Amino acid sequence: MLNYPWIILSLVGLASAEPGTPTAFTHMKLASVEVCPPDQPRARRMLERYLTAPAATGLRQEHGTEGISPSDVHLLVDSSDSAACRTLISGIGLPNDTPRAMTIYSARGRYFVAAINQGTVVTQNPFMVFDANFSLLGVAGM
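Within each chain, residues carry numbers counting from 1 in the order of the written sequence. It should be noted that, the model being predicted, local features are given only for residues of pLDDT at least 70 and side-chain atom pairs only at 80 or more, the latter also being counted only at that level, while totals for whole chains, interfaces and linings use all residues. Processing note: side-chain calculations cover all non-hydrogen atoms of the structure and skip hydrogens and water entirely.

**Quick look at the state of the cysteines**
Pairs of cysteine sulfur atoms within 2.5 Å are identified as disulfides in what follows. For the coordinates displayed, the defined rule picks out one disulfide. The disulfide partner of C36 is C85, and the S-S distance across this bridge is 2.1 Å. Here C36 and C85 share a disulfide; its torsion about the S-S bond, 105°, makes the bridge right-handed. Residue C36 is located in the loop between α2 (24-27) and α3 (41-52), and its partner C85 is located in helix α5 (residues 78-91); the two are separated by 49 residues in the primary sequence. The secondary structure listing takes helices from DSSP runs of H or I that are at least 4 residues long and strands from runs of E that are at least 2 residues long, numbered from the N terminus.

Here is the structure:
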């Protein structure tokens with residue numbers, strides 16, 4: 001049994017309104033949903049380590065990212081990159097073993113996705129590199 005019958009009555013009343021009659025739903029302004037995740041200090045450090053650490057030289061050569069410096073990289077933002085963010089986020093199959101926060105960067109035809117573990121399980125943070133066609137070039141644990 002519902003404890004809130006007024007909710008049902010309110011919805012029935014709105015659904016039975018004449019077409020074209022203003023209802024609460026037609027006057028609601030929905031908050032915009034951001035697609036591109038915000039920048040995070042941990043993600044930025046992962047990116048900088050990948051681009052500058054001598055130990056990652058082999059990975060950079062393998063991924064075709066040698067010569068890209070941190071100053072070449074920009075954070076993807078909704079105003080210009082929401083389609084790219086949506087494609088990357090929906091195409092990344094991360095395991096559900098721990099909550100993750102993602103940050104997405106781009107430079108010279110490459111996308112960099114840092115997935116930061118937010119859970120209590122201590123695991124490596126996956127750092128992924130994609131080409132301009134959103135094909136995965138490689139994953140590094142940072």
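**Some details on the confidence of the model for the protein chain**
Here the protein chain averages 75 in pLDDT, and 65% of its residues register 70 or above. Taken as a whole, residues 1-32 scores under 50 in pLDDT and shows seven contacts with residues more than four places along the chain or in a different chain. One confidence number per residue, pLDDT, is output by the predictor and ranges from 0 to 100. Pairs of residues are marked as contacts when any of their non-hydrogen atoms sit within 4.5 Å.

**Describing unusual backbone geometry**
Although it is not a glycine, R108 adopts a positive phi angle of roughly 45°. Within the secondary structure layout, R108 lies in the loop between β2 (100-107) and β3 (110-117). Of note in the backbone geometry, F134 takes a positive phi value of approximately 65° without being a glycine. Among the structural elements, F134 can be located in the loop between β4 (126-131) and β5 (136-141).

**Looking at the pattern of salt bridges**
It is possible for side chains of opposite charge to pair when their charged atoms get near one another. The rule for a salt bridge is simple: a side-chain nitrogen of Lys or Arg has to be within 4 Å of a carboxyl oxygen of Asp or Glu. Following the criterion strictly, the structure yields two salt bridges and no others. The salt bridge involving D39 is made with R44; its shortest N-O contact spans 2.8 Å. Note on classification: 1.4 Å probe, protein chains only; a residue is buried when its accessible area is under 20% of the maximum for its type, exposed when over 50%, partly exposed between these limits. Residue classification places D39 among the partly exposed positions, given a relative accessible area of 34%. When its relative accessible area of 23% is taken as the criterion, R44 is described as partly exposed.

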